[in-house]
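# Geometric and topological summary
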Amino acid sequence: MKKSITALVSASIIAGSFIASIQVTSPKTVLATKKKKSISSKTLLSRAKKLKYSMSLTQVKRIMKVKPTEVEEDQGFINLTYGKDTVILGFDEHKKLTAAASGAPQIAKQGEKTVQKKKKERTKQESFLKSSAQYFGTKSFESIQNNPGAFKITEDGKLLYVLWKPDKNSPILLRVDNTSTNITNVYIYNKHGNDPKGRHLYTGRTIVQKKRNIVY
């Protein structure tokens, strides 16, 4: 009987020690699992190097992998901050990456190249428009009438309206021939609003008939 009591007491002491051990160590274990790993500035900067101008908000977040501090400004502009101002990114109203105040210097360089490229494209397009308008304005009305597939003609009193699209990437041009003054004007066609005449591109004398070569 004495041995049984001694064994029971020993078992209780061992069990109590085990429970106490669990109570002491368990909170530490739980805290350890909840603690998040901090991302170093070096890692953030390394990821930021992969970013490119005009990337979408979703693409940037996917590359950076960690949740940023996100602030939405007026008119839909968004700022993302990673780390303690390690990487600061700006997005336009279309949620496209357009600026980097910190951590991604390549964005400014890429943005400048994009602006210059668009400027060259606009200059090239403007030159093409003006040359197309001159070609259109100096084309004889007789030649236009003989090509109904390319030119659409509408008559309104003493005014003749002709529509023509130089190519798939250019706007439609509107030619207006005034039969009382024999003056031709060419505009960019304005399909919105009451006045079809958009930006003016050319003015000249109306050429009615195509020049014919005289054979002797």
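One can find the structure itself at the top, above this paragraph.
Only a predicted model underlies this, so the values are computations on that prediction, with no experimental measurement involved. (Residues numbered from 1 in each chain as written. Predicted model: local features only at pLDDT ≥ 70, side-chain atom pairs only at ≥ 80, totals over all residues. Heavy atoms only, no water.)

## Some points on the packing of aromatic side chains
Note the threshold: Only rings of Phe, Tyr and Trp enter the pairing, Trp through its six-membered ring, and a pair is recorded when the two centres are within 6.5 Å. The plane angle decides the type: under 30 degrees is stacked, over 60 is edge-to-face, the rest tilted. Each helix is a run of H or I in the DSSP string that is no shorter than four residues. Each strand is a run of E no shorter than two, and both are numbered from the N terminus. Here the term buried applies to any residue with accessible area under 20% of the maximum for its type, exposed to any over 50%, and partly exposed to those in between, with areas from a 1.4 Å probe on protein chains only.
Within the structure shown, the criterion is met by four aromatic pairs. An angle of 15 degrees between the planes, with centres 5.8 Å apart, marks the rings of Phe 136 and Phe 151 as stacked. Taken as a pair, Phe 136 in helix H4 (residues 106-137) and Phe 151 in the loop between helix H5 (141-145) and strand E5 (152-156) lie far apart in primary sequence, 15 residues in all. For Phe 136, a relative accessible area of 0% translates into the label buried. Look at Phe 136 and Trp 164: their rings are 5.1 Å apart centre to centre, the planes differ by 50 degrees, and that puts the pair in the tilted class. Of this pair, Phe 136 sits in helix H4 while Trp 164 sits in strand E6 (residues 159-164), and the two are 28 residues apart along the sequence. The exposure class assigned to Trp 164 is buried, which follows from its relative accessible area of 12%. A network of ring pairs unites the aromatic residues Tyr 135, Phe 136, Phe 151 and Trp 164 as a single cluster.

## Remarks on the nonpolar core
Threshold: Residues grouped as a nonpolar core are buried Ala, Val, Leu, Ile, Met, Phe, Trp, Tyr and Cys residues, joined through side-chain atoms within 4.5 Å.
Among the nonpolar cores identified, the biggest contains 16 residues, and Leu 51, Val 60, Met 64, Tyr 82, Leu 89, Phe 91 and Leu 97 are the most heavily contacted of them. Elements with a minimum of two residues in this core: helix H2 (41-48), helix H3 (57-64), strand E2 (78-82) and strand E3 (87-91). Counting 14 residues, the second largest nonpolar core, distinct from the first, contains Phe 136, Leu 160, Leu 173 and Leu 201.

## Re the sheet that holds strand E7 (residues 173-178)
Let me state the cut-off plainly: Strand pairing is defined by DSSP finding a minimum of two bridges between the two strands. Angles run from 0 to 180 degrees between N-to-C directions of axes, and those axes are lines fitted to C-alpha atoms, restricted for helices to the stretch in contact.
The five strands lie next to each other as E5-E6-E7-E8-E9, forming an open sheet whose pairing is antiparallel. At either end of the open sheet lies a strand with only one pairing partner, and these are E5 and strand E9 (197-205). Across the sheet, the axes of successive neighbouring strands diverge by a mean angle of 20 degrees, strand direction being ignored. For E6 and E7, the ladder comprises six bridges, and the chain directions are antiparallel. Note on E7: the bridge partner recorded for Tyr 161 is Val 176.

## Comments concerning H3
Inclusion rule: Here the arc refers to the set of directions running from the helix axis out to each C-beta atom. Here, two residues are considered to be in contact whenever any of their heavy atoms come within 4.5 Å of each other.
Within the span of H3, buried status applies to Leu 57, Val 60 and Met 64. Considered in projection along H3, the buried side chains sweep an arc of 65 degrees and stay on one side of the axis. Within H3, the exposed residues directed more than 90 degrees away from the buried face are Thr 58 and Arg 62. Those residues of H3 hidden inside the fold are in contact with H2, strand E1 (69-72), E2, E3 and strand E4 (97-102). After H3 finishes, the residue Lys 65 shows a positive phi value of roughly 70 degrees.

## Regarding the side chain of Thr 86
This is how the line gets drawn: Side-chain atoms alone can form a polar contact between residues adjacent in sequence; in general such a contact is a pair of N or O atoms within 3.5 Å, and within protein one must be able to donate a hydrogen while the other accepts it.
Inspection of the secondary structure puts Thr 86 in the loop between E2 and E3. What makes Thr 86 buried here is its relative accessible area of 12%. One polar contact links Thr 86 to Ser 41, side chain to side chain, over a distance of 3.4 Å. Here Thr 86 is in contact with Ser 41, Leu 44, Leu 45, Ser 102 and Gly 103, once residues within four sequence places are set aside.

## Focus: the layout of surface pockets
This is how it is decided: Cavities and pockets are found on a 1 Å grid laid over the protein atoms alone: a cavity is a set of points where a 1.4 Å probe fits but cannot escape, a pocket is an open set with protein on both sides within 12 Å along at least five of seven lines, and a lining residue has an atom within 4 Å of such a point. Grid points are joined across faces, edges and corners, and a volume is the space filled by probe spheres set on the points. Under the scheme applied here, ten amino acids are nonpolar (Ala, Val, Leu, Ile, Met, Phe, Trp, Tyr, Cys and Pro), four are charged (Asp, Glu, Lys and Arg), and all others, including Gly, are polar.
One number sums up the size of the largest pocket: a volume of about 170 Å³. Around the largest pocket, the lining comprises eleven residues; the ones closest to its centre are Ile 39, Leu 44, Val 66, Lys 67 and Gly 83. Residue classes in the lining of the largest pocket are distributed as five nonpolar, four polar and two charged.

## A look at the environment of Glu 73
Its place among the elements puts Glu 73 in the loop between E1 and E2. For Glu 73, a relative accessible area of 39% translates into the label partly exposed. Taking the C-alpha atoms as reference points, Glu 73 and Glu 93, 20 residues apart in sequence, are found 9.5 Å from one another.

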